[in-house]
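# Results of the structural survey
Here is how the chains run, residue by residue.
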Amino acid sequence: FDALVAGNAYMLQATFGKPAPSARGDWNVIAGYKRIEADSMPDGYNDPTFHGGGTNGRGYYFGGSYAVDKNAWFTGRWISTREVTGPRLSIDTLQLDFNAKF
């Protein structure tokens, strides 16, 4: 029976600052926690940088963004995950992006 029951998934996130930096000097800071149990959703819907993009992961993330000009900003995120069940697997990821809108 357990094999027929789908797992659960949830995410909690707090954002401080401007949600979408778009003008010079705009910023935000985020902190959150995700738990995505095995087979709780199709892998294609998951964040590809959280626990390798699949399911069966739980962990926290911290990050922030800073706009250097109108419609141009830097974003950084630290993600630390480990397995929910099964063999031990921990994945730590540092992600740095430069984004621009045209």
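Look a little higher up for the structure.
A short tour of the structure in this document, coming up.

## A few points about the side chain of R77
- Note on placement: R77 falls in strand β4 (residues 72–83).
- The class for R77 is buried, based on a relative accessible area of 18%.
- Polar side-chain contacts of R77 include one of 3.0 Å to the side chain of D47.
- Beyond its immediate chain neighbours, meaning those up to four positions away, R77 contacts I30, D47, T49, F62, G63, T93, L94 and Q95.

## Things to note about unusual backbone geometry
- In this structure, D39 is a non-glycine residue whose phi angle is positive, near 60 degrees.
- A positive phi angle, near 60 degrees, is found at N71, a position not held by glycine.
- Within the secondary structure, N71 is located in the loop between β3 (57–69) and β4.

## Quick notes on the pattern of salt bridges
- Following the criterion strictly, the structure yields four salt bridges and no others.
- Here K18 ties to D26 by a salt bridge, and the two come within 3.5 Å at their closest N and O atoms.
- For D26, a relative accessible area of 15% translates into the label buried.
- Linking R35 and E37 is a salt bridge whose minimum nitrogen-to-oxygen distance equals 3.2 Å.
- Here R35 falls in the partly exposed class, since its relative accessible area comes to 23%.

## A short note on the environment of G57
- As for its placement among the helices and strands, G57 is situated in strand β3.
- G57 sits in the buried class, given a relative accessible area of 0%.
- Separated by 19 residues in the primary sequence, G57 and G76 place their C-alpha atoms 21 Å from one another.
- Here G57 is in contact with K34, R35, I36, F50, H51, R82 and V84, once residues within four sequence places are set aside.

## Overview of the sheet that holds strand β1 (residues 9–17)
- The five strands are arranged β1-β2-β3-β4-β5 in an open sheet whose pairing can be described as antiparallel. Looking along the sheet, the strands with just one partner apiece sit at the ends: β1 and β5 (90–100). For this sheet the average axis-to-axis angle between neighbouring strands, irrespective of direction, equals 10 degrees.

## Quick look at the packing of aromatic side chains
- Scanning the entire structure with this criterion turns up three aromatic pairs.
- Ring centres of Y10 and Y33 lie 6.3 Å apart, and the angle between their planes is 40 degrees; this geometry places the pair in the tilted category. Residue Y10 is found in strand β1, and its partner Y33 is found in strand β2 (residues 27–36); the two are separated by 23 residues along the sequence.
- On the basis of relative accessibility, which here comes to 41%, the residue Y10 falls in the partly exposed class.

Rules and cut-offs
Residues numbered from 1 in each chain as written. Predicted model: local features only at pLDDT ≥ 70, side-chain atom pairs only at ≥ 80, totals over all residues. Heavy atoms only, no water. Helix = DSSP H or I, 4+ residues; strand = E, 2+ residues; numbered from the N terminus. Buried < 20%, exposed > 50% of the residue type's maximum accessible area, 1.4 Å probe, protein only. Polar contact = N/O pair within 3.5 Å; in protein donor to acceptor, adjacent residues only side chain to side chain. Contact = heavy atoms within 4.5 Å. Salt bridge = Lys/Arg side-chain N within 4 Å of Asp/Glu carboxyl O. Pairing = 2+ DSSP bridges. Axes fitted to C-alpha atoms, helices over the stretch in contact; angles between N-to-C directions. Phe/Tyr/Trp six-rings, centres within 6.5 Å; stacked < 30°, edge-to-face > 60°.

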